[in-house]
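Secondary and tertiary structure notes
Here is how the chains run, residue by residue.
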Amino acid sequence: LLRVAFDQAECRALFTLGDALSGTAGRVEIGADTYRVSKIVWIEPAEATHWIYHRLGVMFAQANRHYALKLIGLVEALQFTVYRPEQHFDWHIDLGSGQTSARKLSMTVQLSDADNYSGGALEFINAPTPAAAREIGAATVFPSYLAHRVAPVQTGVRRSLAAWAYGPAFR
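Anyway, here's the lowdown on the structure attached to this text. Computed from a predicted model, the values in this text were never measured in an experiment.

The subject of this paragraph is the sheet that holds strand β10 (residues 122–124). In space, the 4 strands of this open sheet follow the order β3-β7-β12-β10, with antiparallel pairing throughout. The open sheet is flanked by β3 (36–37) and β10, the only strands paired with a single partner. Strand direction decides the pairing type here: strand β7 (residues 88–92) and strand β12 (residues 148–150), joined by 2 bridges, are antiparallel. Pairing of His-92 across the sheet is with His-148, part of β12.

With 18 residues, helix α2 (residues 50–67) extends 25 Å from end C-alpha to end C-alpha; this agrees with the ideal 26 Å at 1.5 Å per step. Along α2, the residues that are buried comprise Ile-52, Tyr-53, Leu-56, Met-59, Phe-60, Ala-63 and Asn-64. Mapping the buried residues of α2 onto a view down its axis gives an arc of 140 degrees, with all of them on the same face. Facing away from the buried side of α2, by more than 90 degrees, are the exposed residues His-50 and Arg-65.

Quick look at helix α1 (residues 8–20) now. One turn of the α-helix equals 3.6 residues, which is why residues spaced by three or four share an orientation. When the terminal C-alpha atoms of α1 are compared, their 18 Å separation across 13 residues agrees well with the 18 Å that a helix rising 1.5 Å per residue should span. Taken together, the buried positions of α1 are Glu-10, Cys-11, Leu-14 and Gly-18. The buried residues of α1 all sit within an arc of 100 degrees when viewed along its axis, so they share a single face. Exposed residues lying more than 90 degrees from the buried face of α1 are Arg-12, Thr-16 and Ala-20. In this fold, the buried residues of α1 make contact with β4 (39–43), α2, β6 (78–83), β8 (103–110) and β14 (158–166). Between the side-chain oxygen of the N-cap and the backbone nitrogen of Ala-9 there are 3.1 Å, and the N-cap of α1 in question is Asp-7.

What follows deals with the environment of Gly-137. By the secondary structure assignment, Gly-137 is in the loop between β10 and β11 (138–143). Those residues within four positions of Gly-137 in sequence are excluded, and the remaining contacts are Arg-3, Val-4, Ala-5, Phe-6, Cys-11, Val-109 and Gln-110.

The next point concerns the packing of α1 against α2. Where α1 meets α2, the closest approach of the two axes is 12 Å, and the angle between their N-to-C directions is 125 degrees. Between α1 and α2, the crossing angle belongs to the class labelled oblique. Crossing hand, α1 versus α2: left-handed. Listed contacts from α2 to Glu-10, Leu-14 and Leu-17 of α1 are Trp-51, Ile-52 and Arg-55. Of the residues that constitute the contact of α1 with α2, the class distribution is 4 nonpolar, no polar and 2 charged.

Ranked by size, the top nonpolar core spans 26 residues in total, and within it Phe-6, Leu-56, Leu-78, Met-107, Val-109 and Leu-161 carry the most contacts. Secondary-structure elements contributing two or more residues to this core are α1, β4, α2, β6, β8, β11 and β14. Residue contributions to this core peak at 6 residues, all from α2. Leave out the neighbours within four places in its chain, and Leu-78 touches Val-41, Trp-42, Ile-43, Ile-52, Tyr-53, Leu-56, Leu-161, Ala-162 and Ala-163.

So, how was this worked out
Residues numbered from 1 in each chain as written. Predicted model: local features only at pLDDT ≥ 70, side-chain atom pairs only at ≥ 80, totals over all residues. Heavy atoms only, no water. Pairing = 2+ DSSP bridges. Helix = DSSP H or I, 4+ residues; strand = E, 2+ residues; numbered from the N terminus. Expected span 1.5 Å × (residues − 1). Buried < 20%, exposed > 50% of the residue type's maximum accessible area, 1.4 Å probe, protein only. Arc of directions from axis to C-beta. Contact = heavy atoms within 4.5 Å. Polar contact = N/O pair within 3.5 Å; in protein donor to acceptor, adjacent residues only side chain to side chain. Axes fitted to C-alpha atoms, helices over the stretch in contact; angles between N-to-C directions. Parallel < 35°, antiparallel > 145°, perpendicular 65-115°, else oblique. Left-handed = near helix turned anticlockwise from the far one by under 90°. Nonpolar A, V, L, I, M, F, W, Y, C, P; charged D, E, K, R; others polar. Core = buried A, V, L, I, M, F, W, Y, C linked by side-chain atoms within 4.5 Å.

Here it is, written out as structure tokens:
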């Protein structure tokens, strides 16, 4: 499902916030260091970020009308990710072990203007990605078990925000 999460001014505010925080290299729990090449920053819940969490929580609730999953809310901090040329995140699902095993819905919000980079497409296996997913402020919501990737960025810089809604174990 695709929805507009933030307007251009809000995306610029998120950009500024994410770029101001210290980050780390994006990594995966298992696999080669080349599997995911990016910079990630965790945006923790706080008074200054409440508006972001609130907006995404409402969007998850709206999207869940389609999926009808039992959700309890957001458990992890939001992930601000920066991809530069030749950086990417290969095919993966957002479910894992431990805490990540309770992820139900994933959301990726496009923060960069589509004209500011080439490549870097969000892609899914056996599911089309709406063309509008590249538009600034667009949020793509999908089940966390759906395989996806961020293709290598060719030029420019791609910034995005990732969030996950949690719920009881799948049955």
